[in-house]
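# A closer look at the structure
The lines below spell out each chain.
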Amino acid sequence: MAVSPNPLLECLLTLALLWLPQLGAAYFDVVGPPEPILAMVGADAELPCHLSPNLSAEHMELRWSRQAPSPAVLLYQDLQVQEGEQMPKYRGRATLVQDDLSVGRAAVRISGVRVSDEGEYRCFFRENRNYGEASVHLRVAALGSDPHISMEVQENGEILLQCTSVGWYPQPQVQWRTPSGEKFPCISECMNPDEEGLFTVAASMIIRDNSIKNVSCCIQNVLLGQEKEAGISIPAPFYPRLAPWMVVVAVSLVVLGLLTIGSIFFIWRLYKERARERRSEFSSKEKLLEELKWKKATLHAVDVTLDPDTAHPHLFLYEDSKSVRLEDSRQKLPENPARFDSWPCVLGREAFTSGRHYWEVEVGDRTDWAIGVCREDVTKKGFDPMTPDNGFWAVELYGNGYWALTPLRTPLPLAAPPRRVGIFLDYEAGDISFYNMTDGSLIYTFPSLSFSGSLRPFFCLWSCGKKPLTICSVADRLEGVTVVAEVQDLSQDIPLTPVGEDSAPAEVDTLHFKLIPPQPSPGAP
């Protein structure tokens, strides 16, 4: 006797077979940090997520992404990071922190945080058919340079003050105030982001009250709760109110002046041409003396090359060790205490302990660079300011302005932008001078200095680009140089202490350090 199948029993058996593979699967939630992660520009940031309950994530797929799941900021799959799935801007910068994967905790570390990294990130965990995701918000901040205040006296006696600073994020707040706390409104305020998204601040105010003696400019980063302030002393009024007797004297002097004008006019006409000739002669002599000064400096030309052992991992050197450029990608280089790890800088191989030395750098039309001289033992780790107090004597082009890297950054109003810069070091005299080789004019001279220890050429690039910074060869510098005075200086020795004098130059790891074939400088004459 045949038994008819029970439809209800068949349905239950089918559901049991479908759910059987899932009985051993673990269900989980992905949890992100409750508050945004705050990171400084140039520092590192970690974006963590974890599982609840604390399951092992070692064999899971882990993905951090921005707006879309692919391409990813970082993808961990099949027990390794899948670099081919990464966004180009995060390659070499985003790494997985996997120390606690066994308890369900993971984080992505982003090196050298930029303004463009700010925003929301999604972390996604998946195992078989189970998955979950959470959000992580990254906030980016930067504390700008110390404010610089300039002063201009108007024709009506009012005083115009302008406060400038660079490198702020997010957009800061500017406030003018007195030591007693009295605040003043800005008559104009301009905040423009540069190529990296950092704000340049320019705010101005007018002082009409002669009783005000001191004013300060305060720039505050509200996100960080930090501020930078600079003050300035206001001089005595240039146009004081005149007493009645002073008005009488002034009128009398004007009348006497009008009476004497007629008598001296003829004499003035006679001497006018002579005075013009004298001014022309004096100007010619002054230009000749300045020209002789920098031509004399070129007689102490030395051959400077770049030291790869000091180069920041984002700096790529050419094979001739004469040119360098900055790239987004980071090289895998051996650990070296002499290597810059934060500022994108590199030093010259040559070390100077005495004598006079001169070299030229072809900057062309590239932007955002700094060149000069520094002590050999300067701090190469971290973000110590590049000032004379820290052993740096340099000038830079940053944004649209030229600056001397003094503690408050001295602006350099140049008549023409230099395409080639000459650097002269007189160790015993304590002189470091910079020349614009486009017209032979002096760019800047640091005040009288006193050196101790070795000094080395110094180079820094602030932005990426295909155009390199190039050290000119000695032959190019000396071509066409003629000196008509103090010829005896030709016989002076130029003491030079090369780095590694008793040993061959250290070999660069060709698997990790990229050397670019040499190219002719586009701005070379």
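Structure report, in brief. Everything numeric here is computed off the predicted structure, so don't read it as measured data.

## Considering the sheet that holds strand E26 (residues 401-404)
- Reading across from one edge, E21-E31-E24-E25-E26-E27 is the order of the six strands in this open sheet, with antiparallel pairing throughout. Looking at which strands have only one partner, the edges of the open sheet turn out to be strand E21 (345-347) and strand E27 (410-411).
- Pairing analysis gives six bridges linking strand E24 (residues 369-375) to strand E25 (residues 392-398), with the strands arranged antiparallel. Across the sheet, residue Trp369 finds its bridge partner in E25, namely Leu397.

## Observations concerning the environment of Cys49
- As for its position among the elements, Cys49 is in strand E3 (residues 45-52).
- Distance from Cys49 to Arg105, taken between C-alpha atoms, is 6.2 Å for residues 56 residues apart in sequence.
- Those residues in contact with Cys49, other than ones at most four positions away along the chain, are Val30, Val31, Gly32, Trp64, Gly104, Arg105, Ala106, Cys123, Phe125 and Val136.

## Regarding the pairing of strand E12 (residues 159-168)
- For E12, a buried count of seven out of ten residues is recorded, marking the element as mostly surrounded by other parts of the structure.
- Bridge analysis of strand E11 (residues 148-153) against E12 gives six bridges, and the strand direction is antiparallel. Across the sheet, residue Glu152 finds its bridge partner in E12, namely Leu160.
- Direction of pairing for E12 relative to strand E16 (residues 199-207): antiparallel, over a ladder of eight bridges. Directly across from Trp168, in E16, lies its bridge partner Phe199.

## Regarding the pattern of salt bridges
- What the rule picks out here adds up to 23 salt bridges.
- Between Glu61 and Arg63 there is a salt bridge whose closest N-O contact spans 3.5 Å.
- You can call Glu61 buried: its relative accessible area is 7%.
- Between Asp307 and Arg456 there is a salt bridge; the shortest N-O distance is 2.8 Å. Taken together, the residues Asp307 in the loop between helix H2 (244-298) and strand E19 (315-318) and Arg456 in strand E31 (residues 455-461) connect sequence positions 149 residues apart.

Parameters at a glance
- Residues numbered from 1 in each chain as written.
- Predicted model: local features only at pLDDT ≥ 70, side-chain atom pairs only at ≥ 80, totals over all residues.
- Heavy atoms only, no water.
- Pairing = 2+ DSSP bridges.
- Helix = DSSP H or I, 4+ residues; strand = E, 2+ residues; numbered from the N terminus.
- Contact = heavy atoms within 4.5 Å.
- Buried < 20%, exposed > 50% of the residue type's maximum accessible area, 1.4 Å probe, protein only.
- Salt bridge = Lys/Arg side-chain N within 4 Å of Asp/Glu carboxyl O.

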